[in-house]
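Each chain is listed here by its residues.
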Amino acid sequence: MIGVAKWLYVAVTTYFHRLRPVSHDYPVLVTRDNGTNGSVSSPITLTVQESGGNQSSPLLYGVMFEEMDHSGDGGIHGQLLQNNGFQGDNPGLTAYKAIGDVDLMQDMINPVSSAITSSLQVSVNFEADGFVGFANTGYNGIPVMNATYSCQFWMMGDYSGTIMLQLAGSTNDTIYASHNITVRSSWGKFTHYQTSFNSSASPDGDNEWRLLFNGSKMAGGTLNFGLVQLFPPTYKSRSNGLRNDVATFLERIRPSFLRFPGGNNLEGLQIDSRWQWNLTIGPVVDRPGREGDWFYPNTDALGLDEYFWWCEDMNMEPILAVWDGKSYGGIVSGDDLQPYIDDIMNELEYLLGPANSTYGSMRAQNGRSKPWSINYIEIGNEDDFTGGCDTYPDRFYQIYNAISNSYPNITLIASNIDFLCLPIDPPPGLIYDYHYYRKPDDLVAMFDYWDSQPRTQPIMVGEYGCRDTGEADGIFWSSMQCSCSEAAHMIGLERNSDVVKMAAYAPLLQHFGYTQWSPTLFGFDSSPDSLTPSTSYYVQRMFSANRGDTILPVNTTATFGPLYWVASRTNSTYFVKLANYGPENQSVRVKVPHTKAGHVEMLHGSQNATNFVHNITVQPTVKNVTSSGGTYSVDMPPWGVAVLSVS
């Protein structure tokens, strides 16, 4: 993701046309007859051919993830308590508050582990009576559902007796869950405790988690607590897993790949604060976290193995990015890069090596004996930005040679498409990654951008999206015009999906209380039913869930604009995708020979129609269609996106 500083935001949206290979020897992939313009009122006829065309990439539609907007910590990762390991540059007592007659302090003298270097010290006043302790308010509250929660914490201090765990309203003090466990703790060593309990649902997100103990037993004394964790039900019931409701909402898009761990969050604001794979594996108590590139701490509880479990559980191809020597605070190149290349090779042995290898045995110890599956690796991120171009060709080849010599079957991806930022003679089979964010009209203007791409040079559009820069930071929520422009552009991607191998809208998701970049596909907060899809989410879902493996020629009575289309087929099922990027209705007759029935899914709204937080007003509708002769009428309203699926 582009965007460490505001000047980078501007660069993203103004740097419109970058160098790319162009060849006029390759024809447009969908045949069409010249005729009237699509804006006229007479019906447009699209006749789908049964053969010809080109094969479509099975990985075309996927997602890109990096930790930003609290999309991981406080987001799709299930752990709900903020600042639970006091990670980052200056966490202080963020999200903590005292309960009863106690004082709280971040204790840096008594670490929980060599990685979790602080704990929470609770000092009990001499007058304390009854149950006292502390609360954690999570990420602008805690989602309290009618569900079973798992909870764990580390504790040190001379205390034997009851620990009371609660989920409660922060303002109304309603108790939604209360669970007692018996502990026996002593000073000098942290003891780990884990339990689970049931909760009733809160009507809002103004909630907190509480840990309480008998204050009269500890009057005048102290207890230390560390790495408190609270999980609701997780996706596929994984330990240290994803939040089930958020992950399930993403799963409905049916993404084919996940590109991770960034994005510029891979790179680090400084070399030492880059994303380091070996600090994101194993027990969470052994993960130190870091200050992320989006100016808040990353716990790295969502680590390397968790990403791969995510891919496996959601049937996605992992697209792993490796650090290539460029951070925002410096660049390592030449011989100085070799230790970091060694680190990449250690990471690959961890992922792919046998369970008896040095790093493969670490993977096995962390719960995965079988090697992970990985077919694609991207070398760096956006090296055409922030001064990386001069050294990227050499850095690229150093890493490329190391990986390809040991793993010749892995496909490598370059972090950019700028010829000035690539090797003069790139290796065969290399995929170029191109990122762009555009205003609606500009994104539609890129509809045929890949029509002349040499068919021997594959592409990944690792990040794209419609983004209005009218606001100083580009903060807004997606509109139908934006989403329709994305649909038109995606039709262009799909028409060229023999060479455009993968494409990912970005960013993926956001916590509404911590927005740094917008729009995203969907967002959420701590309140019930907060999951809010953007109109772009529906476009992604419609296009991804209705994919053919062959792109088919279409004969037509119109040229592209304002109506755009693409047809595909898998076996006997045909898909025709339509986007009406304009203010006038378009009447469309679609002829698909030898088909009889199916359905039309339609998304439309006024030009500026949008879904607001907790207020979903624009949603697709589905209508069944039948035809004895294989001809279907589709009325495309202004700013409409439709998918016709027939068999």
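Being a predicted model, the structure only gives us computed values, none of them experimental.

Trainee: A description of the state of the cysteines should follow, citing residues and the corresponding values.
Mentor: Simply put, the disulfide is a covalent bond whose two ends are the sulfur atoms of two cysteines. Summed over the entire model, instances satisfying the criterion amount to 2 disulfides. One disulfide in the model links C389 with C421; its S-S distance is 2.4 Å. The sign of the -115° torsion about the S-S bond sets the C389-C421 disulfide as left-handed. Of this pair, C389 sits in the loop between β21 (376–379) and α7 (392–406) while C421 sits in the loop between β22 (411–414) and β23 (431–438), and the two are 32 residues apart along the sequence.

Trainee: Tell me about the environment of L81, residues and numbers included.
Mentor: Mapped onto the secondary structure, L81 falls in the loop between α2 (72–76) and β5 (96–99). Along the sequence, L81 and T631 sit 550 residues apart, while their C-alpha atoms lie 56 Å from each other. Excluding residues within four positions of it along the chain, L81 makes contact with N136, G138, Y139, I142, W209, V228, Q229 and L230.

Trainee: Describe helix α3 (residues 244–251), listing the residues and the values that go with them.
Mentor: Turning to α3, its buried residues number three or more, namely V246, A247, F249 and L250. Looking straight down α3, one finds its buried side chains confined to an arc of 160°; they lie on one side.

Trainee: Quick rundown of the packing of helix α5 (residues 338–352) against α7? Include the residues and the values.
Mentor: Where α5 meets α7, the closest approach of the two axes is 10 Å, and the angle between their N-to-C directions is 30°. The orientation of α5 relative to α7 falls into the category roughly parallel. The two elements α5 and α7 cross, and the hand of that crossing is right-handed. Contacts between α5 and α7 involve I341, I344, M345 and L348 from the former and Q398, I399, A402, I403 and S406 from the latter. Classifying every residue of the contact of α5 with α7 gives 7 nonpolar, 2 polar and no charged.

Trainee: An account of the environment of V554 is requested, with residue identities and associated values reported.
Mentor: Along the chain, V554 falls in strand β30 (residues 554–556). The buried category is assigned to V554, whose relative accessible area is 1%. In the structure, V554 is positioned 38 residues away from V592 in sequence and 9.8 Å away in space, judged by C-alpha atoms.

Trainee: How would you sum up the confidence of the model for the protein? Please name residues and give values.
Mentor: Per-residue confidence for the protein gives a mean pLDDT of 92, with 92% of residues at or over 70. Within the model, the stretch residues 3–40 combines pLDDT values under 50 with 102 contacts to residues more than four positions away or in other chains.

Trainee: Describe the packing of helix α9 (residues 480–495) against helix α10 (residues 535–545), with residues and values.
Mentor: Where α9 meets α10, the closest approach of the two axes is 8 Å, and the angle between their N-to-C directions is 25°. For the element pair α9 / α10, the angle class is roughly parallel. As for how α9 packs across α10, the hand of that crossing is right-handed. In this structure, α9 uses M480, S483, E486, A487, M490, I491 and E494 to contact α10, whose residues at the interface are T535, S536, V539, Q540 and F543. In the contact of α9 with α10, the residues fall into 6 nonpolar, 4 polar and 2 charged.

Trainee: Just give me the short version of the layout of surface pockets, but keep the residues and values in it.
Mentor: Counted as a void, the largest pocket has a volume near 740 Å³. The wall of the largest pocket is formed by 32 residues, among which S239, N240, G241, V284 and E306 lie closest to the centre. Those elements giving two or more residues to the lining of the largest pocket turn out to be β9 (147–156), β12 (191–199), β14 (222–231) and α4 (304–313). In terms of residue class, the lining of the largest pocket is built from 13 nonpolar, 14 polar and 5 charged.

Rules used in this analysis
- Every chain begins its residue count from 1, and numbering advances along the sequence as written.
- Reporting of local features is limited, given that this is a predicted model, to residues whose pLDDT is at least 70; pairs of side-chain atoms are given and counted only at 80 or more, and all residues count toward the totals for whole chains, interfaces and linings.
- For the side-chain quantities, the full set of heavy atoms in the structure was used; hydrogens and water were omitted.
- Any two cysteine sulfur atoms within 2.5 Å of one another count as a disulfide.
- Put simply, DSSP H or I for four residues or longer makes a helix, DSSP E for two residues or longer makes a strand, and each gets a number counted from the N terminus.
- Any pair of residues with heavy atoms lying within 4.5 Å of one another is described as a contacting pair.
- When accessible area is computed with a 1.4 Å probe and restricted to protein chains, residues below 20% of their type maximum are described as buried, those above 50% as exposed, and intermediate ones as partly exposed.
- Read the arc as the range of directions from the helix axis to the C-beta atoms.
- Fitting a line to C-alpha atoms yields each axis, with helices limited to the stretch in contact; the angle taken between N-to-C directions then spans 0 to 180 degrees.
- By the definition adopted for this analysis, an angle is roughly parallel if under 35 degrees, roughly antiparallel if over 145, roughly perpendicular if from 65 to 115, and oblique otherwise.
- Put simply, a crossing is left-handed when the front helix is turned counterclockwise from the back one by less than a right angle, and right-handed when it is turned clockwise.
- When residue character is reported, Ala, Val, Leu, Ile, Met, Phe, Trp, Tyr, Cys and Pro are called nonpolar, Asp, Glu, Lys and Arg charged, and the others, Gly included, polar.
- What pLDDT expresses is the predictor's confidence in each residue, scored from 0 to 100.
- Using a grid of 1 Å spacing that covers the protein atoms alone, one calls a set of points a cavity when a 1.4 Å probe fits there but cannot get out, and a pocket when the set is open and has protein on both sides within 12 Å along at least five of seven lines; lining residues are those with an atom within 4 Å of a point.
- Grid points are joined across faces, edges and corners, and a volume is the space filled by probe spheres set on the points.

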